[in-house]
Amino acid sequence: MIRSGARNVCFYALLLWVAFSAAAFAKDNPSYTQVERNINVGPDDKVGDLTCFGCNIHIRGEVAGDVMTFGGSVSVEDQAQVAGDVSIFGGDARLDRGARVAGDVSVFGGRIHRDPLAAISGDVAAFGGHGWLLPILLTPIVLLGLLAALIVWIIQRARRPSLPAAAA
């Protein structure tokens, strides 16, 4: 039977091996995550996953993974390819002539502008219009505010001194 110390060493060695293996594969297709800074993939570039918060993604080359934006738009230009899914929250998708997406395209709180010659192999889902964003973002904030008000009211009520009974 393997002792717990030896088992931990084996586990950490395996974890280290997996981490270095993933890093070796990532050199071929680097992934990018940006905050408030646009991501541009050139015509000769090949990248992995792309994630953008408050910025836009312009693709003219190849993306081997998924593309995701929160508060930004994605444009897949002529002859560009995306091997994974394209997910956009609070922005628009533009697919030019000859653009190819192997996965799904999902747009929430925006629109899809698609050339008839753009190819999407997966499903296309669009919950259009920017009017969706305000209720979706405000609903949890309002519910948390109401919950906080209820808790304050309960605490204030519990701390109130009780009045003595009046003599008749």
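Residues numbered from 1 in each chain as written. Predicted model: local features only at pLDDT ≥ 70, side-chain atom pairs only at ≥ 80, totals over all residues. Heavy atoms only, no water.

J.: Sorry, what's going on with the side chain of S75 here?
T.: With respect to the secondary-structure elements, S75 resides in strand β8 (residues 74-76). By relative accessible area, which is 5% here, S75 ends up buried. Aside from chain neighbours lying at most four places away, what touches S75 is I57, H58, I59 and R94. (Helix = DSSP H or I, 4+ residues; strand = E, 2+ residues; numbered from the N terminus. Buried < 20%, exposed > 50% of the residue type's maximum accessible area, 1.4 Å probe, protein only. Contact = heavy atoms within 4.5 Å.)

J.: Help me understand the packing of aromatic side chains, please; the structure alone is not making it clear to me.
T.: Any two aromatic rings considered together are summarised by their centre-to-centre distance and by the angle between their planes. Summed over the entire model, instances satisfying the criterion amount to three aromatic pairs. An angle of 5 degrees between the planes, with centres 5.3 Å apart, marks the rings of F89 and F108 as stacked. Taken together, the residues span a long stretch of sequence, with F89 in strand β10 (residues 86-89) and F108 in strand β13 (residues 105-108) at a distance of 19 residues. Classification of F89 as partly exposed rests on a relative accessible area of 27%. (Phe/Tyr/Trp six-rings, centres within 6.5 Å; stacked < 30°, edge-to-face > 60°.)

J.: I would appreciate a short explanation of the confidence of the model for the protein in the present structure.
T.: For any part of a model where pLDDT is low, the fine detail of the predicted coordinates should not be relied upon. Put simply, the protein has an average pLDDT of 84, and 78% of its residues get 70 or more. Here residues 21-26 is a poorly scored stretch, pLDDT under 50, and it has zero contacts once near neighbours within four places are set aside; other chains count. (pLDDT = per-residue confidence, 0-100.)

J.: Sorry, what's going on with the sheet that holds strand β9 (residues 81-82) here?
T.: Strand pairing in a sheet takes place through backbone hydrogen bonds and is either antiparallel or parallel in direction. Spatial ordering of the open sheet is given by β3-β6-β9-β12-β15, a layout of five strands whose pairing is parallel. Of all the strands in the sheet, the pair left with one neighbour each is β3 (46-47) and β15 (119-120). In this sheet, strand β12 (residues 100-101) lies alongside β9 in parallel orientation, the contact comprising two bridges. The residue of β12 that forms the bridge with V82 is V101. (Pairing = 2+ DSSP bridges.)

J.: Just checking my understanding: could you explain the state of the cysteines for this structure?
T.: Two cysteines, two sulfur atoms, one covalent bond between them: this is a disulfide. Within the structure shown, the criterion is met by one disulfide. Note that C52 is cross-linked by a disulfide to C55, the S-S spacing being 1.6 Å. The class of C52 is buried, set by a relative accessible area of 0%. (Disulfide = S-S within 2.5 Å.)

J.: Can you help me understand the nonpolar core in this one?
T.: A general feature of soluble globular proteins is that nonpolar side chains tend to end up buried together. By size, the foremost hydrophobic cluster in this structure holds 24 residues, and its most contacted members are L50, I59 and V67. Looking at this core, the elements that each hand over two or more residues are β2 (39-41), β4 (50-53), β5 (57-59), β8, β10, β11 (93-95) and β13. Contact partners of L50, with chain neighbours within four places excluded, come to Y32, I39, V41, I57, I59, V63, D66, V67 and M68. (Core = buried A, V, L, I, M, F, W, Y, C linked by side-chain atoms within 4.5 Å.)

J.: What should I look at first to understand the sheet that holds strand β14 (residues 112-114) in this one?
T.: Taken in spatial order, the five strands make up an open sheet running β2-β5-β8-β11-β14, and their pairing is parallel. Because the sheet does not close on itself, it has two edges, and the strands there are β2 and β14. Here the strands of the sheet are splayed against their neighbours by 5 degrees on average, with no regard to which way each runs. (Axes fitted to C-alpha atoms, helices over the stretch in contact; angles between N-to-C directions.)

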